[in-house]
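Spelled out, the chains give:
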Amino acid sequence: MLIVWHSRTGAAAQLARAVHDGAGGAVGARLLRAEDAAPEDLLAARVTVFACPENLGALSGAMKEFFDRSYYPVLGRIEGRGYATVIAAGSAGQGAEAQIDRIVTGWRLRRVQEGMIVNLGAQTPEAILAPKQVDETALQKCRDLGQALAAGLDIGLF
């Protein structure tokens, strides 16, 4: 399992860590910042979780850059593998999720879990830029996601 994440204010980082925590000791579970993840990491993963904020209705720049760097090196080499998304949003989140869905369609990945959007309600410039603390309910949902994906890996679902 690979968890690729980007975060500016801490929310997506907390969500990604919670997915990783839920995966427990799943063999090969890796948590990598988008800036540090490489095409080889995608090639080694049977399921990938993409966790990032939605910025201005789209993916964060660092996550988009990860996809830009990785797209062609893995094209035609990871079809059928599973993926899930976790989006930290101020109000919506669907734009970033849709952008990921469009990108991974080219890789022929299959969504294995309904998208998770965590709405933090940040609407003012100060609230948007402030460090975030994600509530326990959302973190538990992420831990549950990690646990479910690890179980799927254990039984060969992915």
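Here, the structure is the one placed above.
It should be emphasised that the depicted structure is a prediction, and the values quoted were computed from it without experimental measurement.

Quick notes on the rules
Residues numbered from 1 in each chain as written. Predicted model: local features only at pLDDT ≥ 70, side-chain atom pairs only at ≥ 80, totals over all residues. Heavy atoms only, no water. Axes fitted to C-alpha atoms, helices over the stretch in contact; angles between N-to-C directions. Helix = DSSP H or I, 4+ residues; strand = E, 2+ residues; numbered from the N terminus. Parallel < 35°, antiparallel > 145°, perpendicular 65-115°, else oblique. Left-handed = near helix turned anticlockwise from the far one by under 90°. Contact = heavy atoms within 4.5 Å. Nonpolar A, V, L, I, M, F, W, Y, C, P; charged D, E, K, R; others polar. 1 Å grid on protein atoms, 1.4 Å probe; cavity = no way out; pocket = protein on both sides within 12 Å on 5 of 7 lines; lining within 4 Å. Points joined across faces, edges and corners; volume = space filled by probe spheres on them. Buried < 20%, exposed > 50% of the residue type's maximum accessible area, 1.4 Å probe, protein only. Expected span 1.5 Å × (residues − 1). Arc of directions from axis to C-beta. Salt bridge = Lys/Arg side-chain N within 4 Å of Asp/Glu carboxyl O. Polar contact = N/O pair within 3.5 Å; in protein donor to acceptor, adjacent residues only side chain to side chain.

Caption draft 1: Quick look at the packing of helix H1 (residues 11-23) against helix H6 (residues 136-154). Put simply, H1 and H6 touch, their axes get as near as 6 Å, and they point 45 degrees apart. Between H1 and H6, the crossing angle belongs to the class labelled oblique. In this structure, the crossing between H1 and H6 has a hand that is right-handed. Of H6, the residues touching H1 (which contributes Gln14, Leu15, Ala18, Val19, Asp21, Gly22 and Ala23) are Ala138, Leu139, Cys142, Arg143, Leu145, Gly146, Gln147 and Ala150. Across the contact of H1 with H6, the residue classes break down as nine nonpolar, four polar and two charged.

Caption draft 2: Representation of the layout of surface pockets. The calculated volume of the largest pocket comes to roughly 460 Å³. As for the largest pocket, its lining consists of 21 residues, and the residues nearest its centre are Glu54, Asn55, Leu56, Gly90 and Ile128. When residues of the lining of the largest pocket are traced back to their parent elements, those giving at least two are H1, strand E3 (47-55), strand E5 (82-89) and helix H5 (125-129). The element contributing the most residues to the lining of the largest pocket is E3, with three residues. Broken down by class, the residue content of the lining of the largest pocket amounts to eleven nonpolar, seven polar and three charged.

Caption draft 3: View of empty space enclosed by the protein. Applying the stated criterion across every chain yields a total of one cavity of 30 Å³ or more. In this structure, the largest cavity encloses a volume near 40 Å³. Lining the largest cavity we find Leu42, Ala45, Arg46, Val47, Thr48, Ile78, Arg81, Gly82 and Leu109. Within the lining of the largest cavity, the residues separate by chemical class into five nonpolar, two polar and two charged.

Caption draft 4: Focus on unusual backbone geometry. At Leu56, a position not held by glycine, the phi torsion is positive, near 55 degrees. Among the secondary structure elements, Leu56 is positioned in the loop between E3 and strand E4 (58-59). Under the relative-accessibility criterion, Leu56 is labelled exposed at 92%.

Caption draft 5: Seen up close, helix H4 (residues 94-107). Helix length check: H4 (14 residues) gives 20 Å between terminal C-alpha atoms against 20 Å at 1.5 Å per residue, within 8%. The set of residues buried in H4 consists of Ala96, Glu97, Gln99, Ile100, Ile103, Val104 and Trp107. Mapping the buried residues of H4 onto a view down its axis gives an arc of 160 degrees, with all of them on the same face. Once H4 finishes, Arg108 follows within two positions and takes phi at roughly 65 degrees, a positive value.

Caption draft 6: Expanded view of the pattern of salt bridges. One pass over the structure, following the stated rule, counts six salt bridges. A salt bridge links Glu35 to Arg33; the shortest N-O distance between them is 3.3 Å. With relative accessibility at 36%, the residue Arg33 sits in the partly exposed group. Residues Glu65 and Arg69 are paired through a salt bridge, measuring 2.9 Å at the closest nitrogen-oxygen approach. Separated by four residues within a single helix, Glu65 and Arg69 lie in helix H3 (residues 61-74), roughly one turn from each other.

Caption draft 7: Spatial organisation of H6. The end-to-end C-alpha distance of H6 is 27 Å, a good match for the 27 Å that 19 residues give at a rise of 1.5 Å each. Within H6, the full set of buried residues consists of Ala138, Leu139, Cys142, Leu145, Gly146, Leu149, Ala150, Gly152 and Leu153. The buried residues of H6 occupy one face: seen down the axis, they fall within an arc of 160 degrees. For H6, the exposed residues lying more than 90 degrees away from the buried face are Thr137, Gln147 and Asp154. Its buried side turned inward, H6 meets H1, E3, E5 and strand E7 (116-119). One side-chain oxygen at the N-terminal end of H6 lies 3.0 Å from the backbone nitrogen of Thr137; it belongs to Asp135.

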